[in-house]
Amino acid sequence: MEAPSASPDRGAWGTRLGFILAAVGSAVGLGNMWRFSYVAAEGGGAAFVLLYLVFVALIGLPVMTSELVVGRMTQVSPVKAVRQLGGSRWAPLGWLFVFCGFGILSYYSVIAGWTMRFAFDALRGAIPQDTATYFNEVGTNMPAVITHVLFMAITVIIVLRGVKKGLERTALILMPMLFVLLVGLAIWATTLSGGGAGYAYYLKPRLSELLDTAIITDAAGQAFFSLSLGMGALMTYASYLKNKTNLGREAVTIAATDFGVAFIAGLVVFPIIFHFGLGEAIGLGGVLNTDNTVGTLFITIPPALQSLGSGGNIIVAAFFIMLFFAALTSAISLLEVVVAAIIDSWQWPRARAAVTFGILITLAGIPSAYNLNILTFADKLVGTFLLMVGGLCTAILVGYRALPQVEQELSIGMENANLRRVWSTMVKFVVPPVLFVVLFFAVKPLWVAFKALIGG
Ligand code: TRP
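Residues numbered from 1 in each chain as written. Predicted model: local features only at pLDDT ≥ 70, side-chain atom pairs only at ≥ 80, totals over all residues. Heavy atoms only, no water.

**Here's the deal with the overall build of the chain**
Along its length, the chain carries 20 helices and zero strands. In terms of overall size, the chain behaves like a compact globule, its C-alpha atoms giving a radius of gyration of 21 Å where 456 residues would be expected to give roughly 23 Å. Counting only C-alpha atoms, the chain reaches 55 × 50 × 45 Å along its principal axes. Accessible surface for the chain amounts to roughly 16600 Å². Of this, 69% is attributable to carbon and sulfur atoms. Taken together, the 27 basic and 21 acidic charged side chains of the chain have centroids lying 9 Å from each other. (Helix = DSSP H or I, 4+ residues; strand = E, 2+ residues; numbered from the N terminus. Rg over C-alpha atoms; globule rule 2.2 N^0.38 Å. Areas by Shrake-Rupley, 256 points an atom, 1.4 Å probe, with all protein chains shown as cover. Lys, Arg positive; Asp, Glu negative; His and termini not counted. Charge placed at Lys NZ, Arg CZ, Asp CG, Glu CD.)

**Comments concerning the environment of S310**
Here S310 is to be found in the loop between α15 (296-306) and α16 (312-346). Residue S310 is classed as exposed on the basis of its relative accessible area, which comes to 79%. Sequence separation between S310 and G125 is 185 residues, and the spatial gap between their C-alpha atoms is 9.9 Å. (Buried < 20%, exposed > 50% of the residue type's maximum accessible area, 1.4 Å probe, protein only.)

**So, the site of the ligand**
Close to the ligand lie 18 residues; A27, G31, Y108, F225 and S228 are nearest. Between G31 and the ligand, the recorded distance is 2.8 Å, taken from a backbone N or O atom to an oxygen atom. One of the side-chain nitrogen or oxygen atoms of S333 is found 3.1 Å away from a nitrogen atom of the ligand. Residue assignment for the shell around the ligand shows that the elements contributing at least two residues are α1 (16-27), α2 (30-42), α5 (91-123), α11 (213-226) and α16. A class-by-class count of the residues in the shell around the ligand yields ten nonpolar, eight polar and no charged. (Near = heavy atom within 4 Å. Polar contact = N/O pair within 3.5 Å; in protein donor to acceptor, adjacent residues only side chain to side chain. Nonpolar A, V, L, I, M, F, W, Y, C, P; charged D, E, K, R; others polar.)

**Considerations on the side chain of S226**
Considering the arrangement of structural elements, one finds S226 in helix α11. What makes S226 buried here is its relative accessible area of 1%.

**With respect to the packing of α5 against α16**
The N-to-C vectors of α5 and α16 enclose an angle of 160 degrees; their axes lie 8 Å apart at closest approach. The orientation of α5 with respect to α16, classified from their angle, is roughly antiparallel. When you trace α5 past α16, the crossing you get is left-handed. Considering only residue class, the contact of α5 with α16 consists of 28 nonpolar, five polar and no charged. (Axes fitted to C-alpha atoms, helices over the stretch in contact; angles between N-to-C directions. Parallel < 35°, antiparallel > 145°, perpendicular 65-115°, else oblique. Left-handed = near helix turned anticlockwise from the far one by under 90°.)

Structure, rendered in structure tokens:
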């Protein structure tokens with residue numbers, strides 16, 4: 001018999017690197033490229049990027065450190081961990097985490113399906129010049145359902161078998177490759193004529209946009225999504241930690257890598273958009289055509305690389321294959337939160353939990369495959385709003401209910417008392433009020449997305 005909260009890989013990270021890789025694998029995913037490029041395009045480029053960086057440092061780092069410390073301290077799944085810290089009144093927070101994992105994966109898998117489709121079609125040389133039209137064809141309806149189901153099946157099989165080792169080894173090779181390829185593409189993008197306007201859009205903020213509440217909300221939400229925060233994913237991974245390293249430093253490593261990948265992706269995408277005059281196709285600037293904005297990455301990358309000539313399709317395929325693997329390591333962490341909680345709380349065997357919830361999540365994602373307004377809405381509701389609610393509650397729980405124990409655990413590995421004081425001050429006095437205000441701002445875009453959803 002397994003212990004109720006045990007997961008096959010509990011205690012698996014013997015080394016610091018193993019843990020960091022898994023955490024970076026969770027953080028680096030579609031959020032860094034697909035989501036970052038489309039939300040940055042929507043949010044006026046540079047203003048968004050600057051605000052995003054501020055949120056990563058101000059909110060992301062303290063919350064991430066909190067999640068890591070709580071996980072390592074309790075050594076149980078988040079549903080149990082929050083109860084341990086705050087009593088049974090806090091149990092709903094654990095289930096909110098599970099709901100977020102469920103909800104995000106349902107549409108995340110649709111987008112991950114697009115990466116499979118584009119990789120496959122690039123290899124066949126079947127991606128036409130007009131990628132905007134093509135994206136609308138294969139990104140929705142039956143073609144999207146098929147790739148969504150396929151991706152979920154792969155995710156479930158991996159979580160089911162617990163072949164974490166094989167996956168980790170794959171990630172170990174493919175993540176650095178993705179990084180090298182991205183840097184290569186960013187360098188190549190500097191040679192594009194007219195790219196200057198792209199860099200300006202991406203890097204030179206306009207003051208008015210820095211105060212735009214919609215952009216502020218998007219930037220904060222993106223920080224949570226991209227760093228895998230607000231739903232206990234990193235808490236779960238840290239619960240498999242045995243060695244007592246400095247978790248503040250681990251948080252900085254994870255966040256910096258994640259930001260670096262996203263930032264470089266922007267250095268690729270924006271010069272391409274301007275060089276190829278794709279602004280209109282993706283709905284930049286004007287009234288947004290959500291269907292196309294959400295496809296920014298898929299619409300911009302293929303024609304740009306195909307312009308390189310015969311090898312272009314190979315690079316397009318390589319790009320999407322690596323993006324697929326980045327998405328897979330993230331999807332696994334999303335499903336893992338759900339599966340760990342079910343094993344933990346209902347005492348289900350892992351196989352039953354993984355298959356049952358894999359199927360339920362697949363079904364829940366089908367509406368997102370049919371209607372991109374549903375996908376966008378789910379992304380705003382669960383992938384932005386509820387993650388921030390989860391982060392706010394985590395900060396309140398840690399800062400006001402369990403601070404002495406959590407700080408004690410943090411001090412193992414982090415000797416510097418001043419740094420710990422900075423962290424606890426942020427958790428108590430910066431994160432909750434800032435998130436409260438941001439959540440207030442976030443209600444309106446949520447409402448707009450909801451109206452778009454029911455109004456068509
Ligand atoms: N961070 C991942 C990405 O950027 C997505 C992800 C994985 C995630 N696990 C998460 C987002 C947990 C929020 C919470 O693609």
